[in-house]
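Residues per chain, in single letters:
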Amino acid sequence: MRNVILGTDWWTDCDDAVAVRLLANLHRAGHLRLLGVAVSGCMEDSVRSLDAFLRDCGVEVPIGIDLEATDFGGRPPYQKRLAALPSRFGGNADAENPVGLYRRLLAASCGPVELIEIGYPQILAALLDSPADAYSPLDGESLVRAKVSRLWIMAGKWDEPDGGRENNFARNRRASAAAAHLCDRWPTPVTFLGWEVGSTVISGAKLPDGDLLRQVLIDHGSAAGRSSWDPMLILLAAAGDPEKAGYRCVYGTASVDPESGRNYFRQASDGSHCYVVKLRPDAWYAAEIDRRL
C-alpha cells in the first residue's frame, strides 16, 4: 500500500475539507495509507476542527501545525462549528511541531512515502533545512531524498507564458520565499496541479442533508459546490498516473520569484518537475470527485 502524508492550510476555503474527505475515504478503503497531516495555516480552531472532521470521516492520524503561520489572514466560516465536536485535542498547542511530524513519520516508514501538499509551502521548505535529530541522523534534504518518492502539490498558475500568480505561492512574503526555496531544492520529482486546472470544476453540491461535509460547504457559502483545486490533486495523487487521472504532463523546471510569488516554468523533456493539463471536460472531473465523497 502506498504511504502518504498530507499538508493542508485548513484555512478559509472549503475545498480542503472536500480533499480531506476524499483522502480519508481512500485511506479507509485501503487504497492509500494516510500517515499524518500537517497544517500550514494557523487559525484559532485549526487543530480541533480538523481532528473532529477527520474523526467524522472515520480516521485518526497524528496532526502537526505551524503555530507561527498566523500571518495569512482571513477567518474560516466553518471551523468553529467543527471545533465544537469531540476531538482528541484541546487546542493548537497540543499538536506536534510540523517539521518534527514529517521527520518522525518519514524516518519510521519502511517504504517510500509520497507527500501531498494542498496548503502553503513553508513547512516543506523548513523540512529541507532541518538538521539531524532523534528521529534520523540525516538532515532534511537527505531524509527527503531517502524516503520520499514524489511530491504532489496544488500550487502555481501554469497557463501564463510570462508567469502566473496563485495564492499558495503568493499569499505573503513567507509563502513566496518558501515556494522559491522548495522549487530550487526539492530533491524528488514534483507534480504541480495549478489554479487553472481546478477553478472551473465545481464539486460537492450532491451531498445529502445531514452530511458534515455538506454543512461545511453551506457554512462557507458554497452549498451549490466549490472549485475543486484540492480534491483534484487528491485524485491525481491517488491514481499515481496523470494519464489515468485524465491529464497530460508538461515537463521541465519550475521556479518562483521569492518576492512576488510569481511562478515560471522552463520546459525540458528530462525535467524533474511537471504540471498537469486537463484532457477531459470539467463535468468528468466533478463527477469523479462527487461519486467518491
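Note: the structure precedes this text.
The shown structure was predicted, so the numbers you read here are calculated from the model rather than taken from an experiment.

Visitor: Quick question: what am I supposed to make of the overall build of the protein chain here?
Guide: Looking only at helices and strands, the protein chain has 12 helices and 11 strands in total. For 293 residues, the compact-globule formula gives about 19 Å, and the C-alpha radius of gyration of the protein chain, at 18 Å, lands near that figure. Once the C-alpha set of the protein chain is aligned to its principal axes, its extents read approximately 50 × 50 × 35 Å. Each of the 293 residues in the protein chain was classed as buried or not, and the buried ones make up 59%. The long-range share in the protein chain, meaning contacts at least 24 apart out of those at least 6 apart in sequence, stands at 80%. If you sum the accessible surface of the protein chain, you get close to 11,600 Å²; carbon and sulfur atoms cover 49% of it. The protein chain carries 32 positive and 38 negative side-chain charges, and their two centres are separated by 4 Å.

Visitor: Please clarify how the packing of helix α1 (residues 15-28) against helix α10 (residues 212-220) should be interpreted in this entry.
Guide: The description of two helices packed together rests on the angle between their axes and the distance between the axes. Close contact between α1 and α10 brings their axes to 9 Å; oriented N to C, the two are set at 165°. With respect to each other, α1 and α10 are oriented roughly antiparallel. Of the two elements, α1 crosses α10, and the hand of that crossing is left-handed. The segment α1 lies against α10, with A17, V18 and R21 engaging L212, L213, V216 and L217.

Visitor: Can you walk me through the sheet that holds strand β2 (residues 32-39) in this structure?
Guide: Sheets are built from strands that pair by backbone hydrogen bonding, the pairs being arranged parallel or antiparallel. The strand order across the open sheet built from 9 strands is β3-β2-β1-β4-β5-β6-β11-β9-β10, with neighbouring strands paired in mixed fashion. In the strand order of this sheet, the two ends are held by β3 (63-65) and β10 (263-267), each with one partner. Ignoring strand direction, the axes of neighbouring strands in this sheet form an average angle of 30°. As paired elements, strand β9 (residues 247-256) and strand β11 (residues 273-278) share 6 bridges and run antiparallel to each other. Each residue of the ladder has a partner; that of C249, found in β11, is V276.

Visitor: What's the story with the pairing of β11 in this structure? I'm lost.
Guide: Consecutive side chains of a regular strand alternate in pointing toward one face of the sheet and then the other. Sheet topology places strand β6 (residues 190-193) next to β11; 3 bridges connect them, and they run parallel. Bridge pairing in β11 places F192 opposite Y275.

Visitor: Which parts of the structure should I look at to understand the environment of N167?
Guide: Its place among the elements puts N167 in helix α7 (residues 167-170). As a C-alpha pair, N167 and L279 span 112 residues in sequence and 24 Å in three-dimensional space. In contact with N167, other than residues within four places in its own chain, are W11 and Y120.

Visitor: I would appreciate a short explanation of unusual backbone geometry in the present structure.
Guide: Most of the time, phi is negative for any residue but glycine, and the peptide bond is trans. In this model, W10 sits at a positive phi of 40°, which is unusual for a non-glycine residue. With respect to the secondary-structure elements, W10 resides in the loop between β1 (2-8) and α1.

Visitor: Before we go on, may I ask you to explain the side chain of D290 in this structure?
Guide: Among the secondary structure elements, D290 is positioned in helix α12 (residues 282-290). The contact partners of D290, leaving out residues within four places of it in the chain, are S203, G204, A205 and K206.

Visitor: Help me understand helix α4 (residues 98-108), please; the structure alone is not making it clear to me.
Guide: An α-helix turns once per 3.6 residues; consequently, residues spaced three or four apart project the same way. Burial within α4 is extensive, with 8 of its 11 residues counted as buried. For α4, the complete set of buried residues consists of P98, V99, G100, L101, Y102, R103, L105 and L106.

Visitor: Looking at this structure, how should I read the layout of surface pockets?
Guide: If you roll a probe as big as a water molecule over the atoms, it shows you where there is empty space left. Computed from the structure, the largest pocket encloses a volume of approximately 260 Å³. For the largest pocket, the lining is made up of 15 residues, of which L235, A239, A245, E288 and R292 are closest to its centre. For the lining of the largest pocket, the secondary structure elements donating two or more residues are α11 (229-239) and α12. Per-element accounting of the lining of the largest pocket gives the leading share, 5 residues, to α11. Its residues assigned to classes, the lining of the largest pocket shows 11 nonpolar, 1 polar and 3 charged. The calculated volume of the second largest pocket comes to roughly 180 Å³. Considering the residues around the second largest pocket, the lining is formed by 15 residues, among which D13, D15, N167, N168 and W229 are closest to the centre. Going through the elements one at a time, α1, α7 and α11 are the ones with two or more residues in the lining of the second largest pocket. Each residue belonging to the lining of the second largest pocket can be placed in one class, and the counts come to 5 nonpolar, 3 polar and 7 charged.

The rules behind each value
Residues numbered from 1 in each chain as written. Predicted model: local features only at pLDDT ≥ 70, side-chain atom pairs only at ≥ 80, totals over all residues. Heavy atoms only, no water. Helix = DSSP H or I, 4+ residues; strand = E, 2+ residues; numbered from the N terminus. Rg over C-alpha atoms; globule rule 2.2 N^0.38 Å. Buried < 20%, exposed > 50% of the residue type's maximum accessible area, 1.4 Å probe, protein only. Contact = heavy atoms within 4.5 Å. Areas by Shrake-Rupley, 256 points an atom, 1.4 Å probe, with all protein chains shown as cover. Lys, Arg positive; Asp, Glu negative; His and termini not counted. Charge placed at Lys NZ, Arg CZ, Asp CG, Glu CD. Axes fitted to C-alpha atoms, helices over the stretch in contact; angles between N-to-C directions. Parallel < 35°, antiparallel > 145°, perpendicular 65-115°, else oblique. Left-handed = near helix turned anticlockwise from the far one by under 90°. Pairing = 2+ DSSP bridges. 1 Å grid on protein atoms, 1.4 Å probe; cavity = no way out; pocket = protein on both sides within 12 Å on 5 of 7 lines; lining within 4 Å. Points joined across faces, edges and corners; volume = space filled by probe spheres on them. Nonpolar A, V, L, I, M, F, W, Y, C, P; charged D, E, K, R; others polar.

On their own, these measurements won't tell you what the molecule is for.
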